[in-house]
Amino acid sequence: METQNQEKVTAVNQMKSRLGNIGNAITGVGAEARRLAKEDPRRIVHAFKVGLALALVSLLYYFDFFYDGFGVNAMWAVMTVVVVFEFSVGATLGKGVNRAIATLLGGALGFAAHDAASYTGDKVQVILLGLSVFVIAVVTTFCRFFPKIRARYDYGLLIFILTFSLISVSGYRNDEVWDMAYGRLTTILVGGSATVLVCSLVCPVWAGEDLHRLTASNIQQLGTFLEVFGRVYFQEEAKDDKNQALLNDYKSVLNSKGVEDSLVNFAKWEPRHGKFRYRHPWHQYVQIGSLTRQCAYKIDALNSYLNSDVQTPLEHREKIKEACKKIILESSSALRELAMGIQTMTCSPSRDIHVVNAKSAAAKLKALMKTGLWPDADFLDIVPAVAVASLLIEVVGCTMKIDEAVAKLASSARFKKVDREVKREISFDKMQRTPSIEGSHINIVVE
């Protein structure tokens with residue numbers, strides 16, 4: 001009897017434990033959903049947009065009027081929405097255009113191959129169709145290895161192979177190959193058109209705008225790091241949690257290449273919108289991003305000396321403090337002005353002044369380092385300070401390159417010139433954004 005009671009208690013405890021685990025899992029999923037929605041509310045809107053597009057194209061299958069015209073091919077419209085609908089307008093347009101053109105070309109070529117092979121005997125027809133599928137698959141698959149083709153047309157090449165193979169092969173057993181090809185092409189165009197319209201007209205998310213904000217934010221983070229680094233390195237402020245967070249923000253810049261390249265490819269598909277004209281120089285953002293990452297690597301090295309166990313005594317740092325602080329101040333101000341100029345699409349005259357001052361300060365620091373500042377100091381004590389000074393000089397060089405790249409972008413994109421300083425009501429604290437990649441979706445998440 002006692003044993004049975006113990007078994008019942010054990011079973012009850014196990015059941016409570018399992019129910020508790022299920023409850024914790026549900027709570028965890030809910031918390032994660034709230035976090036994702038809070039980071040970027042556009043995710044919720046995107047989910048509703050996908051549902052709206054699917055509901056619209058489903059009418060082709062539900063209503064007899066549409067079903068009589070499209071038949072079972074109406075399901076291709078639903079499939080098109082599922083595979084084409086992406087987070088941004090550029091990504092959706094890219095996939096939609098790729099799918100439409102690839103389906104048209106693949107269907108036409110598949111029909112031509114089937115028609116040409118039909119004039120021969122059955123055995124020869126099989127050989128010709130198999131050979132055509134082999135050649136098309138080999139050539140198209142090899143083309144996918146070309147970087148430029150892969151970046152923009154990889155999905156289209158896949159659909160081209162699929163469509164050609166389906167039409168040419170199925171035509172051997174089905175005499176109504178033309179009706180099949182026409183039905184699939186029509187429904188795919190309907191599904192693609194519905195997807196593009198919903199994505200572009202209902203709360204559109206533009207990849208170009210996300211790329212523009214990301215580029216400005218990355219440059220801003222470098223300027224913020226330099227400003228905080230100067231205060232912490234020379235022990236004007238403690239490295240508390242707030243300063244530590246600002247010192248770590250630059251790390252997102254180091255891993256931004258993949259996101260930038262994807263956003264550039266998506267932005268090239270987008271039509272004119274907002275302040276971005278037709279044929280906006282999106283490719284120049286790649287150059288700016290590359291230079292920004294080069295500067296971020298120098299800053300990463302600076303950060304390593306800030307956290308190193310071997311530190312130069314403060315009395316030795318004081319000898320280069322003034323020159324280093326001047327470089328930090330001017331470089332940080334220049335980077336902030338560059339970031340603000342990109343964000344507002346304006347050219348500020350003070351940006352060039354800060355760059356010139358930073359270059360002058362770097363020259364003075366070089367001259368100062370040649371005068372023998374620490375004649376009696378231990379060599380190992382001064383090595384970190386010399387390395388920091390050298391890295392700061394290199395940061396000035398990176399800042400000058402970024403300035404040149406931004407000036408080129410400003411000229412090509414026709415940024416507005418301002419003759420005097422104006423009040424800019426933009427808070428970069430609110431603009432700080434980090435890239436988020438979810439499957440094939442690439443979006444910018446507000447922190």
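Basis of the calculations
Residues numbered from 1 in each chain as written. Predicted model: local features only at pLDDT ≥ 70, side-chain atom pairs only at ≥ 80, totals over all residues. Heavy atoms only, no water. Helix = DSSP H or I, 4+ residues; strand = E, 2+ residues; numbered from the N terminus. Buried < 20%, exposed > 50% of the residue type's maximum accessible area, 1.4 Å probe, protein only. Contact = heavy atoms within 4.5 Å. Areas by Shrake-Rupley, 256 points an atom, 1.4 Å probe, with all protein chains shown as cover. pLDDT = per-residue confidence, 0-100. Core = buried A, V, L, I, M, F, W, Y, C linked by side-chain atoms within 4.5 Å. Salt bridge = Lys/Arg side-chain N within 4 Å of Asp/Glu carboxyl O. Polar contact = N/O pair within 3.5 Å; in protein donor to acceptor, adjacent residues only side chain to side chain. Patch = residues over 30% accessible without salt bridge, like charges linked within 9 Å, V, L, I, M, F, W, Y side chains within 5 Å. Lys, Arg positive; Asp, Glu negative; His and termini not counted. Charge placed at Lys NZ, Arg CZ, Asp CG, Glu CD. Expected span 1.5 Å × (residues − 1). Axes fitted to C-alpha atoms, helices over the stretch in contact; angles between N-to-C directions. Parallel < 35°, antiparallel > 145°, perpendicular 65-115°, else oblique. Left-handed = near helix turned anticlockwise from the far one by under 90°. Phe/Tyr/Trp six-rings, centres within 6.5 Å; stacked < 30°, edge-to-face > 60°. Lys NZ or Arg CZ within 6 Å of the ring centre and 35° of its normal.

### Let's talk about the overall build of the protein chain
Here comes step 1: Across its full length, the protein chain holds 17 helices and four strands.
Here comes step 2: Expressed as a percentage of its 447 residues, the buried residues of the protein chain come to 45%.
Here comes step 3: Considering only intrachain contacts with a sequence separation of at least 6, the fraction spanning at least 24 residues in the protein chain is 80%.
Here comes step 4: Of the roughly 23,900 Å² of accessible surface on the protein chain, 61% is carried by carbon and sulfur atoms.

### Here we look at the confidence of the model for the protein chain
Here comes step 1: Considering every residue of the protein chain, the mean pLDDT works out to 81; 85% of them sit at 70 or more.
Here comes step 2: With pLDDT under 50 throughout, residues 421-447 is counted as low confidence; its partners more than four residues away or in other chains account for 77 contacts.

### A few points about unusual backbone geometry
Here comes step 1: Phi is positive for Cys-203, close to 45°, though the residue is something other than glycine.
Here comes step 2: For Cys-203, the location among the structural elements is in the loop between α8 (177-201) and α9 (207-233).
Here comes step 3: Positive phi values are uncommon outside glycine, yet Met-345 reaches one of about 55°.
Here comes step 4: Within the secondary structure, Met-345 is located in the loop between α14 (314-344) and β1 (346-347).

### Some thoughts on the nonpolar core
Here comes step 1: Ile-219, Leu-226, Phe-229 and Leu-302 are the most contacted members of the largest nonpolar core, which totals 64 residues.
Here comes step 2: Sorting the residues of this core by element identifies α9, α11 (251-254), α12 (257-267), α13 (283-306), α14, α15 (349-369) and α16 (379-413) as the ones contributing at least two each.
Here comes step 3: Counting residues per element, this core draws most heavily on α16, which supplies 15 residues.
Here comes step 4: Val-57, Leu-93, Ala-194 and Trp-269 belong to the second-largest nonpolar core, a separate cluster that totals 15 residues.

### Focus on the pattern of salt bridges
Here comes step 1: Applying the stated rule across the entire model yields 14 salt bridges.
Here comes step 2: Note that Glu-227 and Arg-336 form a salt bridge whose closest N and O atoms lie 2.7 Å from each other. On the criterion of sequence distance, the pair formed by Glu-227 in helix α9 and Arg-336 in helix α14 is long-range, its members being 109 residues apart.
Here comes step 3: When the shortest N-O distance is used, the salt bridge between Arg-293 and Glu-260 registers 2.7 Å. One end of the pair, Arg-293, is in helix α13; the other, Glu-260, is in helix α12, with 33 residues separating them in the sequence.
Here comes step 4: What makes Glu-260 buried here is its relative accessible area of 4%.
Here comes step 5: The structure contains a network of salt bridges with shared partners spanning Asp-40, Arg-42, Glu-209, Asp-210 and Arg-213.

### What to know about the side chain of Glu-270
Here comes step 1: If you trace the backbone, Glu-270 turns up in the loop between α12 and α13.
Here comes step 2: Separated by 3.0 Å, the side chain of Glu-270 and the backbone nitrogen of Gly-90 make a polar contact.
Here comes step 3: Sequence-distant contacts of Glu-270, defined by excluding residues within four places in its chain, comprise Ser-88, Val-89, Gly-90, Leu-93, Val-205, Trp-206, Ala-207 and Gly-208.

### Looking at a nonpolar patch on the surface
Here comes step 1: Taken together, the side chains of Leu-52, Leu-56, Leu-59, Tyr-61, Tyr-62, Phe-63, Met-75, Leu-197, Leu-201 and Val-202 define a hydrophobic patch exposed on the protein surface, amounting to about 970 Å² of accessible area.
Here comes step 2: Only α2 (42-62) and α8 provide two or more residues apiece to the nonpolar patch.
Here comes step 3: The element best represented in the nonpolar patch is α2, accounting for five residues.
Here comes step 4: Following the sequence through the fold, Phe-63 ends up in the loop between α2 and α3 (64-70).

### As for a positive patch on the surface
Here comes step 1: A grouping of Arg-272, Arg-277, Arg-414 and Lys-416 is seen on the molecular surface, where their side chains present a positively charged patch.
Here comes step 2: With respect to the helices, strands and loops of the structure, Arg-414 is situated in the loop between α16 and β2 (416-417).
Here comes step 3: Judged by its relative accessible area of 59%, Arg-414 falls in the exposed class.

### Some details on α2
Here comes step 1: Here α2 spans 30 Å end to end across 21 residues, near enough to the 30 Å set by a 1.5 Å rise per residue.
Here comes step 2: Of all the residues in α2, the buried ones are Arg-43, His-46, Lys-49, Ala-53, Val-57, Ser-58 and Leu-60.

### Focus on the packing of α9 against α13
Here comes step 1: Packing of α9 against α13 leaves a shortest axis separation of 10 Å and a crossing angle of 20°. Looking at the two axes, α9 sits roughly parallel to α13. The handedness of the crossing between α9 and α13 is left-handed. Side by side, α9 and α13 meet where Leu-211, His-212, Thr-215, Asn-218, Ile-219, Leu-222, Phe-225, Leu-226, Phe-229, Val-232 and Tyr-233 of the first sit next to Tyr-285, Ile-288, Thr-292, Cys-295, Ala-296, Ile-299, Leu-302, Asn-303 and Leu-306 of the second.

### Some points on the environment of Ala-407
Here comes step 1: Inspection of the secondary structure puts Ala-407 in helix α16.
Here comes step 2: Sequence spacing of Ala-407 and Leu-338 is 69 residues, and the spatial spacing of their C-alpha atoms is 9.1 Å.

### Some points on the packing of aromatic side chains
Here comes step 1: Tallying each qualifying case throughout the model produces eight aromatic pairs.
Here comes step 2: Both rings, one in Phe-225 and one in Phe-229, keep their centres 5.7 Å apart while their planes meet at 20°; by these two values the pair is stacked. Taken as a pair, Phe-225 and Phe-229 lie in helix α9 at a separation of four residues, close to a single helical turn.
Here comes step 3: Looking at Phe-229, the relative accessible area reads 0%, which means it is buried.
Here comes step 4: The structure contains a cluster of three or more aromatic residues connected by ring pairs, namely Phe-225, Phe-229, Tyr-233 and Tyr-250.
Here comes step 5: A cation over an aromatic ring shows up here: Arg-152 above the ring of Trp-269, its NZ or CZ 4.4 Å from the ring centre.

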